[in-house]
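Architecture at a glance
Each chain is listed here by its residues.
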Amino acid sequence: MDKLEKMQASLNKNLPEKKDKKVPATLTKDQTEVKDDYEYSRKTYKDLIDTGVKSLDVLAELARESEHPRAFEVLSKAIKDIGDVTDKLMTLQKSKQDLAGESQSKKTTTNNNLFVGSTADLQRLLLKKDNVIVDGDVKK
């Protein structure tokens, strides 16, 4: 190994390793059911949110035109319900991550090394020679 390769090898030791995501080759019946239920629930929640957002425009226009307190009450209830469904969608996503164990795999450890010494000591260390010292002084 030349100097460049040695330096790259020592620097690469401190970098975190890339972990490949392991995808199971075949899903069991339970895993398939959980996946299907998750996809169905997610689609249903998204459809509910889309329908609610579309109906908000109509309800807002109706409340403005009628100026009736009950219309504004229904509008505010619809806004609250859409917020609740959105919250349920996020809870569903979090529970899926917990089931898959994705939250545990995100933990990484970074170890930083620090060299304390002079540049001459560093050169000695890199060259693995104790008798050669390179100084910044010019010899005549």
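The paragraphs below set out a description of the structure included in this document. Worth saying up front: this structure is predicted, and the values here are computed from it rather than measured.

1. Section: a nonpolar patch on the surface
- Taken together, the side chains of F115, L122, L125, L126 and L127 present a nonpolar region at the surface, about 410 Å² in accessible area.
- Residue position: L125 is located in helix α5 (residues 119-127).

2. What about the packing of helix α2 (residues 29-66) against helix α3 (residues 69-100)?
- The interhelical angle for the contact between α2 and α3, taken along N-to-C directions, is 160°, at an axis separation of 9 Å. For the element pair α2 / α3, the angle class is roughly antiparallel. Remark: the crossing between α2 and α3 carries left-handed chirality.
- Counted by class, the contact of α2 with α3 contains 21 nonpolar, 5 polar and 5 charged residues.

3. Some thoughts on α2
- In this model α2 runs 54 Å from its N-terminal to its C-terminal C-alpha over 38 residues, within 8% of the 56 Å that 1.5 Å per residue would give.
- Listing the buried residues of α2 in full gives Y38, I49, G52, L56, A60 and A63.
- Looking at the buried side of α2, the elements it contacts are α3.
- Positive backbone phi, approximately 55°, marks E67, located one or two places after α2.

Criteria and cut-off values
- Residues numbered from 1 in each chain as written.
- Predicted model: local features only at pLDDT ≥ 70, side-chain atom pairs only at ≥ 80, totals over all residues.
- Heavy atoms only, no water.
- Patch = residues over 30% accessible without salt bridge, like charges linked within 9 Å, V, L, I, M, F, W, Y side chains within 5 Å.
- Areas by Shrake-Rupley, 256 points an atom, 1.4 Å probe, with all protein chains shown as cover.
- Salt bridge = Lys/Arg side-chain N within 4 Å of Asp/Glu carboxyl O.
- Helix = DSSP H or I, 4+ residues; strand = E, 2+ residues; numbered from the N terminus.
- Axes fitted to C-alpha atoms, helices over the stretch in contact; angles between N-to-C directions.
- Parallel < 35°, antiparallel > 145°, perpendicular 65-115°, else oblique.
- Left-handed = near helix turned anticlockwise from the far one by under 90°.
- Nonpolar A, V, L, I, M, F, W, Y, C, P; charged D, E, K, R; others polar.
- Expected span 1.5 Å × (residues − 1).
- Buried < 20%, exposed > 50% of the residue type's maximum accessible area, 1.4 Å probe, protein only.
- Contact = heavy atoms within 4.5 Å.

Limitation: the analysis is restricted to geometry and does not speak to function.
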